[in-house]
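Next come the chains, spelled out residue by residue.
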Amino acid sequence: MISEINLLREDIPRLEKKFGVNHLFVKVLKAQLASLLKQTEQGPHRGRNHRGLINLKRLKNWKRNKSTGNSF
């Protein structure tokens, strides 16, 4: 299976030739590649999905406490 990192590594040089090194699209792809490489260096992490779940639980608790009149 080809990863997004591999695809970006292949496409960026081709797109640099086509659009130029300073083209915004090329810069965004380079930033995306750097971000993906940084994530793989850091190893497994909880990521956005975990934070989203935590925020959802907090919101539900807050709404429940607000509706019952409990306050902290």
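Residues numbered from 1 in each chain as written. Predicted model: local features only at pLDDT ≥ 70, side-chain atom pairs only at ≥ 80, totals over all residues. Heavy atoms only, no water.

**A look at helix α2 (residues 24–42)**
Its 19 residues place the ends of α2 27 Å apart at the C-alpha level, agreeing with the 27 Å of an ideal helix rising 1.5 Å per residue. Restricting attention to buried positions, one finds in α2 the residues Val 26, Leu 29, Leu 33 and Leu 36. With its buried residues spanning 85° around the axis, α2 presents them on a single face. Opposite the packed face of α2, turned more than 90 degrees from it, sit the exposed residues Leu 24, Lys 38, Glu 41 and Gln 42. In this fold, the buried residues of α2 make contact with α1 (4–19). (Helix = DSSP H or I, 4+ residues; strand = E, 2+ residues; numbered from the N terminus. Expected span 1.5 Å × (residues − 1). Buried < 20%, exposed > 50% of the residue type's maximum accessible area, 1.4 Å probe, protein only. Arc of directions from axis to C-beta. Contact = heavy atoms within 4.5 Å.)

**Remarks on the packing of aromatic side chains**
On inspection of all chains with the given rule, the structure shows one aromatic pair. Taken together, a centroid distance of 6.4 Å and an interplanar angle of 80° make the contact between Phe 19 and Phe 25 edge-to-face. On the accessibility criterion, Phe 19 (39% relative accessible area) is partly exposed. In this structure Phe 25 comes out as partly exposed when scored by relative accessible area, which is 43%. (Phe/Tyr/Trp six-rings, centres within 6.5 Å; stacked < 30°, edge-to-face > 60°.)

**Overview of the nonpolar core**
The tendency in soluble globular proteins is for nonpolar side chains to be buried side by side. Of all hydrophobic cores here, the largest spans eight residues; its members are Ile 5, Leu 8, Ile 12, Leu 15, Val 26, Leu 29, Leu 33 and Leu 36. Among the elements of the structure, α1 and α2 are those that each provide at least two residues to this core. Once residues within four sequence positions are removed from consideration, Leu 36 is found in contact with Glu 4, Ile 5 and Leu 8. (Core = buried A, V, L, I, M, F, W, Y, C linked by side-chain atoms within 4.5 Å.)

**Re the packing of α1 against α2**
Between α1 and α2, the shortest axis-to-axis distance is 10 Å and the interhelical angle comes to 155°. Relative to α2, the element α1 lies roughly antiparallel. The interaxial crossing formed by α1 with α2 has left-handed handedness. Here Glu 4, Ile 5, Leu 8, Arg 9, Ile 12, Leu 15, Glu 16 and Phe 19 of α1 come into contact with α2, specifically with Phe 25, Val 26, Leu 29, Lys 30, Gln 32, Leu 33, Leu 36, Leu 37 and Thr 40. (Axes fitted to C-alpha atoms, helices over the stretch in contact; angles between N-to-C directions. Parallel < 35°, antiparallel > 145°, perpendicular 65-115°, else oblique. Left-handed = near helix turned anticlockwise from the far one by under 90°.)

None of this, on its own, says anything about what the molecule does.
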